[in-house]
Structure formats: structure tokens, C-alpha cells
Amino acid sequence: MNFELTEERQMLQDTLRRFLSAAQGDVWTELAELGVIGALFREEQGGFGGAGFDLAVVFEELGRADLDLPLIDNALLPGLVLAAAGRDVGPLMSGSEKLALAHGELAARYDLNWVETRALGDCLTGEKSVVVGAETADALIVSARHSGTAEAEEGIGLWLVARDAPGLQMQGYDIAQGGRAAQVSLTNTPATLLISEGFSTLSQAMAAATLAESAHCLGAMDVAVAMTQDYLTTRKQFGRPIGSFQALSHRLVDVMIAIEQARSMVILAAEHLEDDAPLRNRHICAAKNLIGRSGRLVAEECIQLHGGIGMTEEYALGRYAKRITMADHRFGDTDHHLERFIALGAA
């Protein structure tokens, strides 16, 4: 397999890395002006990318940056739903509009088909949990059930809800990996139907988001290991860099091997993002499972190899370790994706 980027994607990576290394101020607007948000969507949707490798390039670079940018939640996920509904994604790509997808519920765990929020006519009633970026969104895309039982794939509609709609309440809070999320409550809240049967759209959008999160975590892992390698070559004990001690160098090599395995799985998942759902989902599950396991190893080993300094609030490694650790709980953890991979293989 050829692991080299195309010329266009290499230019995108180089531009994004230079920009993020010195980014200040309204980063979201500047990303839009650079065309980064447009790279998340296909040409027929108004963008100029949208393939798995485009997502991997963008989000790996975002993962390397020490910034809280909910690009998955306020652009990628809602944008894919809007595009599937035949709506204009232009305002999202220009940075003039932000949306958030409110889908997860407390009883759902990571099951995408579990929806208890109900739609009666054009009004929604229910609760949505951990809606990242909800407080800064201009509107919400909400999943609600117009028919069927809570676990059925059929009967799930996708609705657009205005930020100031009657009966809509939010309780915001900080999240461990940085940024904010909200608990969203809807009580007879008026909404506009986007897609009547939205499960397949949700499945496709979540696959793209899971790939993006995996690439984001991979970028953070790269930085954490680079920081650790630099520390081991500069920190001295007994007159020698501590990285020269065999026990520590072996642990660093184990971490490097884990990252390369995770990188290979992200590349494989990116290659299969456009495949039919069963094959696509198997590769997405495999990638997310390995990212979760490798991420845990990287976070733990990098903190331990740094000693006490790795635990300080001022040192950037601690923030990267949080992001790497919490990535396992976004869009399904290692256990969820292992079980799903096995079920898809059996089917």
C-alpha cells in the first residue's frame, strides 16, 4: 500500500500545520477562510474533499495542535446530515454558521439505534446527552423517533431545531478533554423535519466522525511521544541522558510501535470509508478499537517516563494525555467496537 499523500493533501497538511503552530484569535473563521472546513465535504456537497484521507489529514493535524476546536461536532457531523437532506452546507463551510448534532442519550450507551426522544407532529420531547459544542451552535440537528420501539433502526427522524426554540433548554459543562458540552432538554419543542428515516445517514456520518476522532487522537499521540523522546534525551541522571538507559529506551520503542500500528489502522479505515456499510463499519471498528488500546498505552507510558513533571497542569503533555484518554469514550470505546467488530464478522 502506498502511504504517501497526494500532492493536494500534502499541501493541505503543510498549510494546516504551519497555521496551527501559530494560530491565535478567531481560529474557526481563519480555518474556514483557508478552506479547511471545505475539505471535509465532497465536491457535489460544495466542498473539495470529503474522502477518508482528507478527513484523516485534517484531523491528525488538529490533534497535533493544543487547541479546543469542536470541528467534528459543529461542522463535520451536522454538515453530513444537512448534505444528505439536500440542504446547503455553504454557511458551515464559510464559518458563518455552526450546528451541533444532538443524538446521544443516557440509556443508549454507544448504540446508534437507541432513541427514546419522541416526535409528535412537528414537536420533539426528550433528553440528549453530551452534545459537544451545543452552547455555541446556531441550531441543533436532533434525532427523534416518530415510530417503533427505542432500539429499532426504523422510525428515527432527523430534525432541525432553532437555538431559541420554545421548550429547548441546555445545561452546559466543561469536558475533560477540553471544550464544553451540554445536556439538552426538549419539551414540545417545534422542529423542522430534515430526513424521515435517518438511521443510515446517522450511521454514515458517525463512521466519518469516528475516523476523524481516531485521526485526531493519532495526532495527539504523535506529539506526546515526540515530547517524551525529547525529554529522555535532555533529562540527565548519573551524568547521562536517561534515554540511554535500556529499560527506558525499550519502553519508548514499545510506544512507537503501538503508534505505527494505530496509524496503519487509521489509513485502512480511511481507505474503506466509502465502502458499503458492513465493510466500512468493520474497518472503522477495528481502527477505533486499536486507537483506544494504543492511546491508553501511549498516555500512561508518556506520563510515567516524564515522572512528576508529566502530571503538572502547566506542562502540555497532561492536556494531550487527557485528550488521548478521553478519545476512547467518543463514538464508542474499545469494548463496544470489539463487540461490534465480532458481530459484523459473524454476520
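I will try to describe carefully the structure that is included in this document. Here the structure is a predicted model, which means the values were calculated and not measured.

About the thresholds
- Residues numbered from 1 in each chain as written.
- Predicted model: local features only at pLDDT ≥ 70, side-chain atom pairs only at ≥ 80, totals over all residues.
- Heavy atoms only, no water.
- Axes fitted to C-alpha atoms, helices over the stretch in contact; angles between N-to-C directions.
- Helix = DSSP H or I, 4+ residues; strand = E, 2+ residues; numbered from the N terminus.
- Parallel < 35°, antiparallel > 145°, perpendicular 65-115°, else oblique.
- Left-handed = near helix turned anticlockwise from the far one by under 90°.
- Contact = heavy atoms within 4.5 Å.
- Core = buried A, V, L, I, M, F, W, Y, C linked by side-chain atoms within 4.5 Å.
- Buried < 20%, exposed > 50% of the residue type's maximum accessible area, 1.4 Å probe, protein only.
- Expected span 1.5 Å × (residues − 1).
- Arc of directions from axis to C-beta.
- Phe/Tyr/Trp six-rings, centres within 6.5 Å; stacked < 30°, edge-to-face > 60°.
- Lys NZ or Arg CZ within 6 Å of the ring centre and 35° of its normal.

So, the packing of helix 6 (residues 199–234) against helix 7 (residues 246–271)
Close contact between helix 6 and helix 7 brings their axes to 10 Å; oriented N to C, the two are set at 160°. By the angle class used here, helix 6 and helix 7 are roughly antiparallel. Note that helix 6 runs across helix 7; the crossing there is left-handed. Touching Leu-211, Ser-214, Ala-215, Leu-218, Met-221, Asp-222, Val-225, Thr-228, Gln-229 and Leu-232 of helix 6 are Leu-248, Leu-252, Val-255, Met-256, Ile-259, Ala-262, Arg-263, Val-266, Ala-269 and Ala-270, all from helix 7.

Considering the nonpolar core
Ranked by size, the top nonpolar core spans 89 residues in total, and within it Val-58, Phe-59, Leu-71 and Val-298 carry the most contacts. Once residues within four sequence positions are removed from consideration, Leu-71 is found in contact with Trp-28, Ile-37, Leu-40, Val-58, Phe-59, Leu-62 and Leu-76. With 18 residues, the next largest nonpolar core counts Leu-124, Ala-134, Ala-144 and Leu-186 among its residues.

A word on unusual backbone geometry
Unlike most non-glycine residues, Arg-109 shows phi in positive territory, near 55°. When you line up the elements, Arg-109 lands in the loop between strand 1 (99–102) and strand 2 (118–120).

Notes on helix 1 (residues 7–21)
Side chains that are three or four residues apart share a direction in an α-helix, a result of its 3.6 residues per turn. With 15 residues, helix 1 should cover 21 Å at 1.5 Å per step; its first-to-last C-alpha distance of 21 Å lies within 8% of that length. The complete set of buried residues in helix 1 reads Arg-9, Leu-12, Gln-13, Leu-16, Phe-19 and Leu-20. Burial along helix 1 is one-sided: seen end-on, the buried residues are contained in an arc of 140°. Of the residues in helix 1, the exposed ones pointing more than 90 degrees away from the buried face are Glu-7, Met-11, Arg-18 and Ser-21. Buried residues along helix 1 sit in contact with helix 2 (27–34) and helix 3 (52–64).

Observations regarding the packing of aromatic side chains
As enumerated under the stated definition, the model contains zero aromatic pairs in all. Here the guanidinium or amino end of Lys-98 rests over the ring plane of Trp-28, the centre of that ring lying 4.5 Å away. Here the basic side chain of Arg-282 rests over the ring of Phe-341, its NZ or CZ set 4.3 Å away from the ring centre.

Function cannot be inferred from these measures alone, as they are strictly geometric.
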